[in-house]
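Here is how the chains run, residue by residue.
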Amino acid sequence: MNDNKLATVLVLCWAILLAFAALQFPNTQWQSSILSFLPSQEDQLEHQILQKNPTHQHIRLVLRNGTVEEYKSFAQELRDTTNGVDWLNPEREFADLQDTYRAYSGAFISDAQSKQLNGREFDVLIENAWRLLSAPTPIVVSNFTQDPLLLTETAVRARSNPYAGYNVYGFEIADLPPEWMLLGIIAADGLDRTLAQNISTAVQRLEEKTQTQNENFQVLRSGVVFHTAEAATQAEKEINLFGALSLLGVITLMWVCFGRLKPLAVSLGVLFFALTSGFAAVIAVFTEVHLIALVFSTTLIGIAVDYTIHGILAAGFGKGAFQRMLPHLRLGMLTTLLGYLAISLLPFALFQQVAVFIAVGLVAAYAAVHFGLVKFAGHDSFEPRNHVRMLANNYVRQWAKIPSKAIYIVLAFMALVVVLGITQIQFNDDVRKLTRSSSGLLQQELEVQKIGAAHSEAGQKWLLQEGDDLEAMLQEQETLRGTLRTLEYVYDWQMLADQLPSKERQQAALHLQGEFWESESGQHYLNQLGLLKPETSYLMGLEDLTEWQQQLLSEQEDGTYVSFIQLHADLGDAELADLNLPNSIRWFNPLDDAENALSHLRHQLYLWIVIALFVTFLMLMWKRSLSVAFTGILYLAFVLVAALSLSQWFNLYLTVFHLVAAILVLSLAIDYLIFFSAPLEPSYVQLAVAMSAITSLLAFGVLTMSTTPAIAGFGITVLFGILLGSLLAPLFTRMRPKF
């Protein structure tokens, strides 16, 4: 197949890819939080639960500095305008709870009451019942004929309520001045970008609307959705800004170097072909696309223009020079593709999307250069300006003038940096280092969390319980609750067993009460009230709980149950051992799990970098010489270690994103090495690599302006790597074969 036919086939494939992506686009889901694309946990249960984590779905809003009427108006309009959110109606919720407890009065009692019945402390129970009956406060929970001792009423009243009151809209957390808290739960994941932005926009619009009447009115926000919305908005801004800056830099560079429209037009054409191919490939392959992946992918602008520059400069020297350049460009493309192939194999969806975008874009860029620019070979319009060519020649000559002894000193210095740098480089796998919300939103989050928290100083911990028998799970929770009560460092907890006693416990409670009614004290108490002995055989079940009560339980596709247990506690390693958890209950910390996954990922990357260096060494021995192979590996190791060391000094810490950036630096440095050690015209190579490095610096340099630490760190590492790699690459002109 000749080049014309092959070019036609490639254009046809491109058109088909675009058409398929256009069909997929309406069904594409967009994400914006890095945490939603953390490496997959080895424990698939925890990975599934992470997507259904109740903390991802909860929304809490605190209304301040307003009137009750303003709060009512805000809450009602918010309910009317936020689809996909179930806003809690505390008044209705408590009414439903009262109906449930009234229907099962006597079956729901506290541990203390159970202990009193067991210990036959009947006088204490009777005295408490008479106190409630004589009090002006109405009996709202217990069915008096079913539960004459008012055990359920007492148990429910004993629960702490941090709020002053409640209404149909929310909780009244303060009276003077009035403050309300609105609670909501979303049907989807809080990391869903579209839903998060819709909710955040609605809250912002209503806050601003209310502030037109009362400038002091304030809404404090808490919930994953608000962090997701903020990240999405920032990512969209950065995609547009970084893309525009990179494109502007490329246009400026092409005009400065060539001063003609044709090279600029060719560059933009190749760039359009590469970008559309990469974007279409991501849409076609992935059903969920991360906006931050697209931010990373704007770097394709710099890399794709590299290929165009090599093609344009070689074409300016004639068709023969262009044909001699192609094998080296192809070899450089293959090394870059290998780097992105390694990235695509990582268990990190964000990196996989970046790898697919850029890999497909690079192939498209190479194809456009190979089959498009050959037609312009020998065109005068593709020759660079004289002063640009002279700068490149002068830089190459300066390297040629350096004495061999000085070169050996440079190599020894590079080796020393590699050895010392490896011992000093340290990585931090804390996922919180990867992303950062605005200080204002974080402050609101902290304020809302403190409101109503009886022990805000205590850390929030989660336990995860799995089982196929709900009754057995409730019994285990009741046993755990007994242990928690004896531990002074556990301040509070929430578990399903607090809302739904096990059937065994309910039956035991009714049995103990039956013994009381048969006793002399019980008979006397019933006679005083003029009541008959209660006969209750009904037991409360899961179906009797409200939807909000069931938030701590999740039924899996295989019919098993997963229950969350929330603790407020100061727990260290010694305290963890005291809990003596059963096999079905374990600690659930998504952050710790993600950090372990990132650590595993980092060690994988170490191995891949070592393998890449070894393969490169073999390739250089085969294609170049043994001396080039040894010097090349030292050069590559120095660029990697120096770039990471400078990034660590600049950022104070390194993350897995810096290491992924190092893989990209490695592939770019190998490109420079290949071209400078190739039997090509030195001034062409220097000019091409210099222009390529500048475009790459522009593309990756703009990433350093990102407000997301992971993106900024990635950009800084690549920036240092390109700078060092391009400045030192002319070293290999002294080792290349004669041109």
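Since we're looking at a predicted model, the values are computed, not measured. (Residues numbered from 1 in each chain as written. Predicted model: local features only at pLDDT ≥ 70, side-chain atom pairs only at ≥ 80, totals over all residues. Heavy atoms only, no water.)

S.K.: Residues and numbers for helix α15 (residues 349-372), please.
M.R.: Helix length check: α15 (24 residues) gives 34 Å between terminal C-alpha atoms against 34 Å at 1.5 Å per residue, within 8%. Burial within α15 is extensive, with 19 of its 24 residues counted as buried. (Helix = DSSP H or I, 4+ residues; strand = E, 2+ residues; numbered from the N terminus. Expected span 1.5 Å × (residues − 1). Buried < 20%, exposed > 50% of the residue type's maximum accessible area, 1.4 Å probe, protein only.)

S.K.: Explain the side chain of Glu93 to me, and be specific about the residues and the numbers.
M.R.: As for its position among the elements, Glu93 is in helix α5 (residues 90-103). Look at Glu93: it is buried, it has no salt bridge, and the nearest opposite charge is Arg92 at 5.6 Å. The residues contacting Glu93, other than those within four sequence positions of it, are Leu88, Thr546, Trp548 and Gln549. (Lys, Arg positive; Asp, Glu negative; His and termini not counted. Salt bridge = Lys/Arg side-chain N within 4 Å of Asp/Glu carboxyl O. Contact = heavy atoms within 4.5 Å.)

S.K.: Got a sec to walk through the pairing of strand β12 (residues 561-569)? Specific residues and values, please.
M.R.: Of all nine residues making up β12, nine are buried, and the element is well covered by its neighbours. Of the two faces of β12, both are covered, the one formed by Tyr561, Ser563, Ile565, Leu567 and Ala569 as well as the one formed by Val562, Phe564, Gln566 and His568. Here four bridges tie strand β10 (residues 490-494) to β12, and the two strands are oriented antiparallel to one another. Residue pairing in the sheet places Trp493 in a bridge with Leu567 of β12. Pairing of strand β11 (residues 553-555) with β12, which is carried by three bridges, proceeds in the antiparallel orientation. (Pairing = 2+ DSSP bridges.)

S.K.: Pulling in residues and values, what's your account of the confidence of the model for the protein?
M.R.: It should be kept in mind that the predicted coordinates are not to be read in detail where pLDDT is low. Looking at the protein, pLDDT values average 80 and 87% of them are 70 or higher. Averaged over each element, pLDDT in the protein is lowest for helix α2 (residues 44-51) (49) and highest for helix α4 (residues 68-81) (91). The model gives residues 40-45 a pLDDT under 50, and that stretch makes twelve contacts with residues more than four places away or in other chains. Between residues 454-458, whose pLDDT stays under 50, and residues either more than four places distant or in other chains, the model counts nine contacts. (pLDDT = per-residue confidence, 0-100.)

S.K.: Report on the packing of aromatic side chains, specifying residues and quantitative values.
M.R.: Applying the stated criterion across every chain, the model contains 15 aromatic pairs. Centre to centre, the rings of Phe122 and Phe516 are 4.9 Å apart; their planes meet at 65 degrees, and the pair counts as edge-to-face. In this pair, Phe122 sits in helix α7 (residues 122-134) while Phe516 sits in helix α21 (residues 503-518), placing the two residues 394 residues apart along the sequence. The exposure classification of Phe122 matches that of Phe516, with both residues buried. A ring pair is formed by Tyr169 and Trp180, whose centres lie 6.2 Å apart and whose planes are at 20 degrees; its orientation type is stacked. One end of the pair, Tyr169, is in the loop between β4 (165-166) and β5 (171-174); the other, Trp180, is in strand β6 (residues 179-186), and eleven residues separate them in sequence. (Phe/Tyr/Trp six-rings, centres within 6.5 Å; stacked < 30°, edge-to-face > 60°.)

S.K.: Go over a nonpolar patch on the surface with me, naming the residues and quoting the values.
M.R.: Taken together, the side chains of Leu607, Ile611, Phe614, Val615, Leu618, Met621, Leu626 and Phe630 make up a nonpolar region of the molecular surface, amounting to roughly 770 Å² of accessible area. For the nonpolar patch, the secondary structure elements donating two or more residues are α24 (590-623) and α25 (626-651). Relative to the helices and strands, Met621 is located in helix α24. Assessed through its relative accessible area of 39%, Met621 is described here as partly exposed. (Patch = residues over 30% accessible without salt bridge, like charges linked within 9 Å, V, L, I, M, F, W, Y side chains within 5 Å. Areas by Shrake-Rupley, 256 points an atom, 1.4 Å probe, with all protein chains shown as cover.)

S.K.: Explain the pattern of salt bridges to me, and be specific about the residues and the numbers.
M.R.: Tallied over the entire structure, the rule returns 13 salt bridges. The closest approach of N and O atoms between Asp99 and Arg102, which form a salt bridge, is 3.0 Å. Of this pair, Asp99 and Arg102 both sit in helix α5, three residues apart, which is roughly one turn of the helix. Residue classification places Arg102 among the partly exposed positions, given a relative accessible area of 30%. Between Arg481 and Asp111 there is a salt bridge, with the nearest N and O atoms lying 3.5 Å from each other. Of this pair, Arg481 sits in helix α19 (residues 470-485) while Asp111 sits in helix α6 (residues 111-118), placing them 370 residues apart in sequence. Relative accessible area serves as the criterion here: at 23%, Asp111 is assigned to the partly exposed category. Residues participating in the shared-partner salt-bridge network are Asp111, Arg481, Arg485, Asp498 and Arg505.

S.K.: Describe the pairing of β6, naming the residues involved and giving the relevant values.
M.R.: Buried residues dominate β6, accounting for eight of its eight residues. Burial of the side chains of β6 extends over both faces: Glu179, Met181, Leu183 and Ile185 are buried on one face and Trp180, Leu182, Gly184 and Ile186 on the other. As defined by bridge partners, strand β2 (residues 58-64) adjoins β6 across six bridges and the pair is classed as antiparallel. Bridge pairing in β6 places Ile59 opposite Gly184. Examined bridge by bridge, strand β3 (residues 85-87) and β6 share three bridges and lie antiparallel to one another.

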